[in-house]
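Tertiary structure, described
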Amino acid sequence: MKEKDILDGEASRLEGMTELKHLNEEVVTSLSREKGEPDWMLKKRLYSLSVFESKPIPTWGVDLSGLKLDDLAYYVKPDVEKVDSLSDLPADLKKTFDALGIPEAERNFLAGNGIMYQSEVIYERMKDRLAKQGVIFMSMDEAVKKHPDLVQKYFMTRCVPPTYHKFAALNGAIWSGGTFLYVPKGVKVSMPVQVYYLVDHPSMGQFEHTVIVAEDDASVEYIEGCSAPMYVKGGLHAGIMEIFVGKRARVRVTTIQNWSKNIYNLVTKRAIVEEEGKMEWVEASLGSKVTMLYPASVLAGRGARAEHFYVSMAGDGQVLDTGAKIVHAAPDTSAYVLSRSISKGSGRAIYRGQVRVNPGATGCSSSVKCDSLLISDESSTATFPTEEVYEPDADVSHEATAGRIAEEQLFYLMSRGFSEEEARGLIVRGFMEPVTKKIPLEYAVEFNKIVEAEVKNGVA
Amino acid sequence: MSEYEAFRLMAESRYRSLSPLKWKEMKDGRLIYREELKYSDFAMDFPEGFEIPDEGGFEVKGEGGFEATPLLSKVHDDWVARQLQRLSEDKVELLSLAGWKHGYLIEVKSGETATLKISLVDRLPFRLVFRVRKGASLSATVVTPSGAQHEENVKLLASRIDVTCEPGSNVDIAYKAGSSPVEFIGFSADLGISSSLKLDALHVAGSYGRHFGDVNVGQGARLSARVAELIPKSSFGDSMFNVRHASQSESEVEMRAAVLGKGVIRGLTSIPKGAVGSNANLQERVIMVGEEAKAITSPSLDIYEKEVQARHGSWSGRIGDRELFYLESRGLSEKEAISLLIRGFFSPFERIVPLEEVLEGIVLGRDLGERSEDKT
Amino acid sequence: MTLNVEDLYVSAKNGKDILNGVSFTLPDGGVHVIMGPNGSGKSTLALTLAGSPDFVVKSGKVEFDGVDLLSLGPDQRAKKGLFLAFQKQVEIPGVPLKDMIWEAYRVRWSGSGRPSIIDFRKNLSATASTLSFPETFLERGVNEGFSGGEGKKSEVLQMLMLKPKLAILDEVDSGLDVDSLRVVADAIKRFVEDGHSALIITHHFDLLNYIEPDVVYVMKGGKIVDEGDITLARIIEREGYSRWGGEQAGRDD
């Protein structure tokens, strides 16, 4: 995409790109037509558009006044053609991979991975293997055409309807890309399904839409990481992830988020968990200017369980506002939330969570733990938990701590020969460990490296 | 026009000028809580047709170096006027400014020690302003009448206690408020350098009760607060306690609630930039009793300074089976065991007011009926 | 290794004086003991030598192998070969003990001749077992959830692995049962026999039943008030510290 196209939304529309200020029914309709979508999807888009236009930008929580929706461009077709193997990737993309430190092992050993480059999945591998198990794994765009019935059943229906909030509606109107992952009854996918996607275009909002369905007794782990280089203009990422966890099914979603520091990362993630099912969210947040991320688990069937693990590091100028939303809608459901955050520079890490126990949901228990570490003078943190208990037969607890690195820990490690920087790095790593151990090793190593480097910078 | 009328007019006009900010304004004579909290299950109708009583009296007894002056005679005093206007832009708080007629300014002279007991003889909206001068010590209890929580004749009581602890002073305040059908009690304190405040606050929600605390903990000062809320069946209670820290200050806040009706327990501890060396601990503990109990808890921390230690925690749930079983195995009925456990929960407040008086008819009576009948 | 402490005055951060002119010299090798009642300033001395930020050196000199120790940060002191076994257990959750020891070893001993991580781990396991230190504890965070005795063993294990020139063992004997005491004493003996120095700080005699010290110093009121051999320790065991006067300064332990 050339600079001119970005500035001139009208001109570039035919190439699949426009700006939000030009967003209207006509634009959405032609987008849908270009993609060759069935009518019901077009209707969904148009309905979403009307919701988007009617809803105000949320004013609770983080200040979003810096977000200039009108100036954002969206829908970019990939610059590269579909490739068959990783070695066929363009040199500059490979360079980006190197810069991002994607481990070699990752690149060569990706189970059913797709690499999302500029809004469209361009590279998918080992799909056949998954297909043999009856697993559907493809880009959402493709799924709309190939499995319309399935998609229609799950896409923005009872998990994240267009009316959920403004940015969900925006996604519904102009979504592009994302993954459709369907695991049939009783199928256990042994290797994690991974997607590494990148946004690499100035001022581009990315509106990918992912749906994961694990039927009864199925299990699957899905990993995505995203990263973007530094831009001049502010961008928006407003993705949606809808997850359906069937009876006794298990789903784990791991996201390593490292958007460039000028992106508004306003994502919607929600899971509906049926009887005895288990949902695990692992969220590692490093990047973005503002992140508002509150993965929700609706525990809809008896005995359902959710576990949320978050680690985030808010650096200079960043506001990372994360939290878990747990709805105990059925008896004997349980949830565990663990959040560890670090604020450095002028960064601000916030935990904003909600636990709700519905009337009649007896025998539920919820436990939330969040700890915050402040490592620079300008940094700040906050914890805003809310527990709504409408059923007296519940056990709901919340615990949190905040403070700096203990001097005695620093001194102890220094007396063992570590420099102050090294000691800080070690302590921070240890602080995050309960969450990072949930992340696949190669990512965790990388993540720790980034954090340690950042901690060193932050202190100096 | 008297000073009092002027105050009241000013407050009323401010009250009326406020758009529905946090509280939905009277609609057909009803105030609905929905606006602020957005918790649909908590929408609760504000009782209709209330009146603000203004007849009745106070009893201030005590010893030591203090001086109690009726507040109305002091409204010309700049300092007092400032205290009287210490209100947030909150409609309910403004009601308290509009509604009071009875109040005292209580001043403890520098270096002196005083012990006080203040009793409300009648149910009245009141204001108490404490000024504890440098190095002075005060120990005071304030008690409002106990009684039924739900009455036919709805009265609105909105009262405030404001405390100024000057540097080096030592203050211990305990109050029990509430029990009236619609009652709001506000508490504020400013802690000067190296002063200390120990607070035991007990609020019993009537049909509709609100308890609000706001404390500035000054440099090197120490706050130790226990804030308890008893919410009987068919009652709504909202308890909120905010603390702001200055450098080297300490706060230990424990909010407790026994909820048989609907309860909201919110604490917020803020540590602004520069409040180095502050140490904060905010704990919320809510026990839910009976089948109707509903509770919202929200212990929040907001920290802009790294040289601090802050903790918070909350727990809400039913009375532990283990404790119940233990007591039952000692021969108590479930009802007796529960009431004993609730008593234990509120035992720190025994020093203010006999707990039987507070708990009687609430816990032992009808409110527990259902649950224990179910089991026995 | 030589350690030369000269007229050391130290106060706590709050300004309270704790050490009031401590002087002594440790020659290379051997076991040295500092005994003293609670509050005599023993732990302050140990922490000051290791460079704790909790104390302020007001005056005096400390030379370690001819280097001005006081001008160095705690990490540089460690790299020069000084080790402190902490009296008060410091927990660092999430940093596995075995990783911390390896990393500390790696930063101190760079260059060729250093064993591989695999050999080091083997050695670590073997050393841990000589201390009856459960191997699973190596996987835990540093001292995380350790009992008093386990914490002491963790400190001694680090000493054995990091091979410092001088190990200052601050009340390493307290909270140990008889068996553990013997194991720890044996470890210290081995350490010294390998040519390292140990400075044992204690107010019990128990450990000295197993290790014969070369020199015993008595500390009281923030000063070294006497010096002798094992007989001095025996006198203390019998009579306490009353012969050096009733007054005390300092505040630690």
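Residue positions within a chain follow its written sequence, with the count starting from 1. Chains carry letters and ligands carry numbers; both start at the beginning, A for chains and 1 for ligands, and go up in the order they are written. Residues qualify for local features only when their pLDDT is at least 70, as the model is predicted, and side-chain atom pairs are given and counted only at 80 or more; totals for whole chains, interfaces and linings, by contrast, use all residues.

A tally of regular secondary structure across chain C gives seven helices and 12 strands. Throughout, the radius of gyration refers to the C-alpha atoms, and the reference size of a globule is 2.2 Å times the residue count to the power 0.38. For a compact globule of 253 residues, the expected C-alpha radius of gyration is about 18 Å, and chain C comes in at 18 Å, within 12% of that figure. With respect to the three principal axes, the spread of C-alpha positions in chain C is 55 × 40 × 30 Å. Counting all 253 residues of chain C, 43% fall into the buried class. For chain C, restricting intrachain contacts to residue pairs at least 6 apart in sequence, the fraction spanning at least 24 positions comes to 73%. Strands here mean DSSP runs of E at least two residues long; helices mean DSSP runs of H or I at least four residues long; both are numbered from the N terminus. Counts of 20 or more other C-beta atoms within 10 Å of a residue's own C-beta define buried residues, counts of 12 or fewer define exposed ones, and intermediate counts define partly exposed ones; C-beta atoms are placed from the backbone. A pair of residues counts as a contact when their C-beta atoms, built from backbone coordinates, are separated by no more than 7 Å.

Moving on: the nonpolar core. Any nonpolar core is a set of buried residues, restricted to Ala, Val, Leu, Ile, Met, Phe, Trp, Tyr and Cys, that join up through C-beta atoms within 7 Å. In this structure, Leu-181, Ala-214, Val-245 and Val-273 of chain A, Val-259 of chain B together with Ile-168 and Leu-169 of chain C are the most contacted members of the largest nonpolar core, which totals 283 residues. Domain ranges listed in this record stem from an automatic or a database domain assignment. The two domains that each donate at least three residues to this core are domain 1 (3–293) and domain 2 (406–460) of chain A.

Bringing the interface of chain B and chain A into the picture now. Interfaces are often sized by the amount of accessible area the parts lose when they come together. Chain B puts 30 residues into the contact, and the matching count from chain A is 29 residues. Residue assignment for the side of chain B that touches chain A shows that the elements contributing at least two residues are strand S19 (294–303) and strand S20 (309–318) of chain B. Summarising the sheet, strand S24 (residues 380–389) of chain A and S19 of chain B pair through six bridges and their orientation is antiparallel. Considered in S19 of chain B, the bridge of Ala-382 of chain A is made with Asp-302 of chain B. The pairing criterion is simple: DSSP has to find at least two bridges between the two strands.

A word on the sheet that holds strand S2 (residues 17–26) of chain C. All names here are of chain C. Across the sheet, which stays open at both edges, the four strands sit in the order S2-S1-S4-S5 with antiparallel pairing between neighbours. The open sheet has two edge strands, S2 and strand S5 (67–68), and neither has a second partner. Relative to S2, strand S1 (residues 3–12) runs antiparallel, the two being bridged by seven bridges. If you follow Ser-11 over to S2, its bridge partner there is Asp-17. Every angle, taken between N-to-C directions, lies between 0 and 180 degrees, and every axis is a line fitted to C-alpha atoms, over only the stretch in contact when it is a helix. Its contacts with the sheet place helix H1 (residues 42–50) against S1, S2 and strand S4 (55–64), and it is angled at close to 70° to S4.

Attention shifts here to the interface of chain A and chain C. Taken together, the contact pairs 18 residues of chain A with 22 residues of chain C. Looking at the side of chain A that touches chain C, the elements that each hand over two or more residues are helix H11 (407–414) and helix H12 (420–436) of chain A. Looking at the side of chain A that touches chain C element by element, the count peaks at seven residues for H12 of chain A. Charged means Asp, Glu, Lys or Arg here, nonpolar means Ala, Val, Leu, Ile, Met, Phe, Trp, Tyr, Cys or Pro, and polar covers whatever is left, Gly included. Considered class by class, the residues forming the side of chain A that touches chain C number eight nonpolar, five polar and five charged.

All names here are of chain C. Across the sheet, six strands lie side by side as S6-S9-S10-S3-S11-S12; this open sheet has mixed pairing. For this open sheet the edge positions go to strand S6 (82–85) and strand S12 (223–228), each flanked by a neighbour on one side alone. Across the sheet, the mean angle from the axis of one strand to that of its neighbour is 20°, orientation sign disregarded. Inspection of the sheet shows S6 paired to strand S9 (residues 166–170) by four bridges, in the parallel sense.

Residues and elements named next belong to chain C. Relative to the helices and strands, Pro-134 is located in the loop between helix H4 (117–130) and strand S8 (141–142). Since 13 C-beta atoms lie within 10 Å of it, Pro-134 is described here as partly exposed. Sequence spacing of Pro-134 and Glu-150 is 16 residues, and the spatial spacing of their C-alpha atoms is 8.9 Å.

On to the confidence of the model for chain A. Residues and elements named next belong to chain A. Each residue carries a pLDDT score, the predictor's confidence in it, ranging from 0 to 100. Looking at chain A as a whole, the pLDDT averages 80, with 78% of positions reaching at least 70. The model gives residues 197–205 a pLDDT under 50, and that stretch makes 43 contacts with residues more than four places away or in other chains. Long-range and interchain partners of residues 227–234, a stretch whose pLDDT sits below 50, account for 27 contacts in this model, where long-range means more than four residues apart.

The next subject is helix H3 (residues 25–34) of chain A. Residues and elements named next belong to chain A. The set of residues buried in H3 consists of Val-27, Leu-31 and Ser-32. What you see down the axis of H3 is that its buried residues fit within an arc of 130°, all on one side. Opposite the packed face of H3, turned more than 90 degrees from it, sit the exposed residues Glu-26 and Arg-33. With its phi angle positive at about 65°, Gly-36 sits one or two positions after the end of H3. The arc in question is formed by the directions pointing from the helix axis toward the C-beta atoms.

Next up on the list: the packing of H11 of chain A against H12 of chain A. Residue and element names in this part refer to chain A. Two elements in contact, H11 and H12, have axes whose closest approach is 9 Å; the angle formed by their N-to-C orientations is 120°. On the basis of their axis angle, the class for H11 and H12 is oblique. H11 and H12 meet at a crossing whose hand is right-handed. Two secondary-structure elements touch here, H11 through Gln-409, Leu-410, Leu-413 and Met-414 and H12 through Glu-420, Ala-423, Arg-424, Leu-426 and Ile-427. Here roughly perpendicular refers to angles of 65 to 115 degrees, roughly parallel to angles under 35, roughly antiparallel to angles over 145, and oblique to all remaining angles. Should the near helix be turned anticlockwise from the far one by less than a right angle, the crossing is left-handed, and should it be turned clockwise, the crossing is right-handed.

In an α-helix, one turn spans 3.6 residues; hence positions three or four apart end up facing the same way. Within H11 of chain A, six of the eight residues are buried, which leaves the element mostly enclosed by the surrounding structure. The inward-facing, buried residues of H11 of chain A contact H12 of chain A together with helix H2 (74–79) and strand S7 (92–96) of chain C.

A few words on the packing of helix H4 (residues 39–54) of chain A against helix H10 (residues 166–174) of chain A. Residues and elements named next belong to chain A. Between H4 and H10, the least distance of the axes is 7 Å, while the angle of their chain directions is 150°. By the angle between their axes, H4 is roughly antiparallel relative to H10. The crossing of H4 and H10 is left-handed. Judged by residue contacts, Lys-44, Arg-45, Ser-48, Leu-49, Val-51 and Phe-52 of H4 engage Lys-166, Ala-169, Leu-170, Gly-172 and Ala-173 from H10. Across the contact of H4 with H10, the residue classes break down as six nonpolar, two polar and three charged.

What follows concerns the environment of Gly-277 of chain B. Residue and element names in this part refer to chain B. Tracing the backbone through its elements, the reader meets Gly-277 in the loop between strand S17 (262–271) and strand S18 (279–288). With 16 C-beta atoms counted inside 10 Å, the residue Gly-277 sits in the partly exposed group. Once the C-alpha coordinates of Gly-277 and Ser-249 are considered, the two residues, 28 residues apart in sequence, prove to be 7.0 Å apart. Apart from the residues lying within four places of it in its own chain, the contact partners of Gly-277 are Ser-247, Gln-248 and Glu-307.

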